[in-house]
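Chain and residue survey
Residues per chain, in single letters:
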Amino acid sequence: MRTDYDVILVGAGLANGLIALRLRQSQPQLRLLMLERESAPAGNHTWSFHRDDLSDDQFRWIAPYISHQWPGYQVRFPALHRTFTGGYCTITSEAFARHLTDALGDNLWTHCSVQRVTPESVTLMDNRTLHAAAVIDGRGLQATPHLQRGYQAFVGQEWQLTAPHGLTQPILMDATVNQQQGYRFVYTLPLTPERLLIEDTHYINTPSLAPRAARENIQAYAQQQGWQLDRLLREEHGSLPITLSGDHRLFWQQQRGQPCSGLRAGLFHATTGYSLPSAVSLADHIAHMQPLSAAALAQHTAQFAAAQWRSQRFFRQLNRMLFLAGKPEQRWQVMQRFYRLDAGLISRFYAGQLRLSDKARILCGKPPVPVGEALRALFMTSSPRKT
């Protein structure tokens, strides 16, 4: 069999990027090739995670790629302001792109669109075909009738201020803002004493968010906080999938034996949409596979994704309560109640490692939405709509 490379990674996003970097560390002899249709790898993103989302070994190898770290974070709700301790970390796409470029050199091809991907080959738009022992498709979540989803849609702006903002830690959720017909909060990262990332974020039923309205929301929020905006450095847009229900077996059959990663493999936290911890775990597993064949990778990623799907059943139930029970503009009450719980439970929630006692604690007591609607949402088993 002809092989030009050992592994070809299609798409230079977070998941494939971490796989490439981890393989460079663990198996430097491999012939890797990464293909990206845009002008640079990593896109225009900010990826964040909690320190406790990763094991010590995982944190150790990913630490060089971290752009910012803080010792805690805040949340704000109409009847609750709370500060949590525990590391919170961010990787910027600009810094991540530099690491990928340094690690791969000429084996990172940008402006490179593909017309066909198979488990062992990639056909480019100029009809050249490249062959590999394994091809990993990391081009994002594809259209599927097999998942019912809500969305965490946001517009983020990075601003240089005219004076220090005074924040010493991120505000992960400020839900004291006008809800605008859905669960809305503002997410703020203090990058330097005079530089902020401010995101207008909505948990909504559709993936689209009006950019103009979001920009106006950011301006209004900054003014309310007393921050003096000077210069807009960049703007990013995103829509993270939030899974309500689905048929994972049929979803995976869509891959037709193709090894894949990241959102394309359905690897993200069902409630928060965070994908970095799953991407780190998958990269770790792949880095220790020998030999790396398409069949082995397809089987491994399918098993990895299926295990994560099973482990997140409870999170999908909670998502249905958030999206399907009560009025959209009252969804914040569900989150306010959650953030009153034990700090250790909240940490385990983000890490996707809830105990049975944690689940019981989350569900006990009167829900902050109509009881009948909450029960119907929790135990809904209807077929997902096409999204």
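A brief structural summary.

Quick look at the packing of aromatic side chains
Applying the stated criterion across every chain yields a total of 18 aromatic pairs. With centroids separated by 6.3 Å and ring planes inclined at 50°, the aromatic side chains of tyrosine 73 and tyrosine 88 adopt a geometry described as tilted. Here tyrosine 73, found in strand 4 (residues 68–77), pairs with tyrosine 88, found in strand 5 (residues 80–92); they are 15 residues apart in sequence, far enough to count as distant. Looking at tyrosine 73, the relative accessible area reads 5%, which means it is buried. Taken together, the ring pairs in this structure connect Trp70, Tyr73, Phe77, Phe84, Tyr88, Tyr274, Phe314, Phe315, Phe338, Tyr339, Phe349 and Tyr350 into an aromatic cluster. For arginine 51, the ring lying beneath its charged end belongs to phenylalanine 59, and the centroid distance is 4.3 Å. In this arrangement the basic side chain of arginine 316 is found over the ring face of tryptophan 309, its NZ or CZ atom lying 3.7 Å from the centre.

Some details on the sheet that holds strand 1 (residues 5–10)
The strand order 6-2-1-9-8-7 describes an open sheet built from 6 strands, whose pairing is mixed. The open sheet has two edge strands with one neighbour each: strand 6 (108–109) and strand 7 (114–118). In this structure, strand 1 lies alongside strand 2 (residues 32–35), joined through 4 bridges in parallel fashion. Each bridged residue has a counterpart across the sheet, and for leucine 9 the counterpart in strand 2 is methionine 34.

Some thoughts on the nonpolar core
The biggest cluster of nonpolar side chains holds 52 residues, and the ones touching the most others in it are Leu18, Ile62, Phe96 and Leu276. For phenylalanine 96, the residues in contact, after removing those within four places along its chain, are Gly13, Leu14, Gly17, Leu18, Leu21, Ala42, Trp47 and Ile91. In terms of nonpolar packing, the next biggest core, distinct from the first, is built from 38 residues, Trp70, Ala175, Leu191 and Trp332 among them.

Overview of the sheet that holds strand 10 (residues 147–161)
Across the sheet, 8 strands lie side by side as 3-5-4-11-12-13-10-14; this open sheet has mixed pairing. Bordering the open sheet on either side are strand 3 (46–50) and strand 14 (229–246), each of which pairs with just one other strand. This sheet shows a mean twist of 25° between the axes of neighbouring strands, independent of strand direction. Set on the sheet, helix 10 (residues 343–351) makes contact with strand 3, strand 4, strand 5 and strand 11 (171–174); between it and strand 5 the angle comes to about 30°.

Focus on helix 1 (residues 14–26)
Counted at 1.5 Å a residue, the expected span for helix 1 with its 13 residues is 18 Å, and the 18 Å between its end C-alpha atoms agrees. Within helix 1, 10 of the 13 residues are buried, which leaves it mostly tucked inside the rest of the structure.

Concerning the pairing of strand 9 (residues 129–137)
In terms of burial, strand 9 is largely enclosed, as 7 of its 9 residues are buried. With 5 bridges joining them, strand 1 and strand 9 adopt parallel strand pairing. Among the inter-strand pairings, isoleucine 8 is bridged to a residue of strand 9, identified as valine 135. Looking at chain direction, strand 8 (residues 121–124) and strand 9 are connected through 3 bridges and run antiparallel. Paired with valine 122 across the bridge in strand 9 is leucine 130. From the end of strand 8 to the start of strand 9, which pair antiparallel, there are 4 residues, and asparagine 127 there has a positive phi angle of about 75°.

Structural notes on the layout of surface pockets
In this model, the second largest pocket occupies a volume close to 370 Å³. Taken together, 19 residues line the second largest pocket, and the ones lying closest to its centre are Pro277, Ser278, Gln308, Ala351 and Gly352. Only helix 6 (276–287), helix 7 (294–311) and helix 10 provide two or more residues apiece to the lining of the second largest pocket. When residues of the lining of the second largest pocket are assigned to their parent elements, the largest contribution, 4 residues, is made by helix 7. Residue classes in the lining of the second largest pocket are distributed as 7 nonpolar, 11 polar and 1 charged.

Focus: the pattern of salt bridges
Across all of its chains, the model carries 17 salt bridges by this definition. Across the salt bridge formed by glutamate 38 and arginine 37, the nearest N and O atoms sit 3.5 Å from each other. The salt bridge partner of aspartate 137 is arginine 264, with a shortest N-O separation of 3.0 Å. Placement of the pair is aspartate 137 in strand 9 and arginine 264 in the loop between helix 5 (248–253) and helix 6, with a sequence separation of 127 residues.

Re the state of the cysteines
Overall, the coordinates contain 0 disulfides when judged by the stated rule. Cysteine 260 carries a free sulfur, and the closest cysteine sulfur to it, the one in cysteine 112, is 19 Å from it. A residue is classified by how much of its surface remains accessible, and cysteine 260, at 1% relative accessible area, is buried.

Overview of the side chain of glutamine 157
Along the polypeptide, glutamine 157 turns up in strand 10. Among the polar contacts made by the side chain of glutamine 157, one reaches the side chain of glutamate 235 at a distance of 2.8 Å. Filtering out sequence-adjacent residues up to four positions away, glutamine 157 remains in contact with Leu196, Leu197, Ile198, Arg215, Ile218, Leu232, Arg234 and Glu235.

A look at the environment of aspartate 102
Structurally, aspartate 102 is set in helix 3 (residues 93–104). Among the residues examined, aspartate 102 registers a relative accessible area of 66% and is labelled exposed.

A few points about the packing of helix 10 against helix 11 (residues 356–363)
At a closest axis distance of 11 Å, the pairing of helix 10 and helix 11 adopts a crossing angle of 105°. By the angle between their axes, helix 10 is roughly perpendicular relative to helix 11. Residue-level inspection shows Leu345, Arg348 and Phe349 of helix 10 in contact with helix 11, the latter providing Asp358, Arg361 and Ile362. Looking at side-chain class alone, the contact of helix 10 with helix 11 contains 3 nonpolar, no polar and 3 charged residues.

Basis of the calculations
- Once a new chain begins, its residue numbering starts again from 1 and follows that chain's sequence as written.
- Selection of residues for local features in this predicted model requires a pLDDT of at least 70, selection of side-chain atom pairs for listing and counting requires 80 or more, and totals for whole chains, interfaces and linings are taken over all residues.
- Heavy atoms throughout the structure, all of them, feed into the side-chain values; hydrogens and water do not.
- Between 30 and 60 degrees the pair is tilted, below 30 it is stacked and above 60 it is edge-to-face, where a pair is any two Phe, Tyr or Trp rings, Trp via its six-membered ring, whose centres lie within 6.5 Å.
- For helices the rule is a DSSP run of H or I covering at least 4 residues; for strands it is a run of E covering at least 2, with both sets numbered from the N terminus onward.
- Categorising residues by exposure relies on relative accessible area from a 1.4 Å probe, with only protein chains included: less than 20% of the type maximum marks a residue as buried, more than 50% marks it as exposed, and the intermediate range marks it as partly exposed.
- Two thresholds decide whether a charge sits over a ring: the Lys NZ or Arg CZ must be within 6 Å of the ring centre and within 35 degrees of the ring normal.
- The criterion for strand pairing is that DSSP finds at least two bridges linking the strands in question.
- Only buried Ala, Val, Leu, Ile, Met, Phe, Trp, Tyr and Cys residues count toward a nonpolar core, and they belong to the same one when joined by side-chain atoms within 4.5 Å.
- Whether two residues are in contact is decided by their heavy atoms, any of which lying within 4.5 Å being enough.
- Geometry is summarised by axes, namely lines fitted to C-alpha atoms with helices restricted to the contacting stretch, and by angles between N-to-C directions that run from 0 to 180 degrees.
- How far a helix is expected to stretch is found by multiplying one less than its residue total by 1.5 Å.
- Think of a 1 Å grid over just the protein atoms. A cavity is a set of points where a 1.4 Å probe fits yet cannot get out, a pocket is an open set with protein on both sides within 12 Å along at least five of seven lines, and lining residues have an atom within 4 Å of a point.
- Grid points are joined across faces, edges and corners, and a volume is the space filled by probe spheres set on the points.
- Following the grouping adopted for this structure description, the nonpolar residues are Ala, Val, Leu, Ile, Met, Phe, Trp, Tyr, Cys and Pro, the charged ones are Asp, Glu, Lys and Arg, and the polar ones are all others, Gly among them.
- Salt bridges are identified by distance alone: a Lys or Arg side-chain nitrogen within 4 Å of an Asp or Glu carboxyl oxygen.
- Here, the term disulfide refers to a pair of cysteine sulfur atoms separated by no more than 2.5 Å.
- Two N or O atoms form a polar contact when they lie within 3.5 Å of each other; inside protein one atom must be a possible hydrogen donor and the other a possible acceptor, and for residues adjacent in sequence the pair counts only when both atoms belong to side chains.
- Roughly parallel covers angles under 35 degrees, roughly antiparallel covers those over 145, roughly perpendicular covers 65 to 115, and oblique covers all other angles.

Just distances and angles here, no functional claims.
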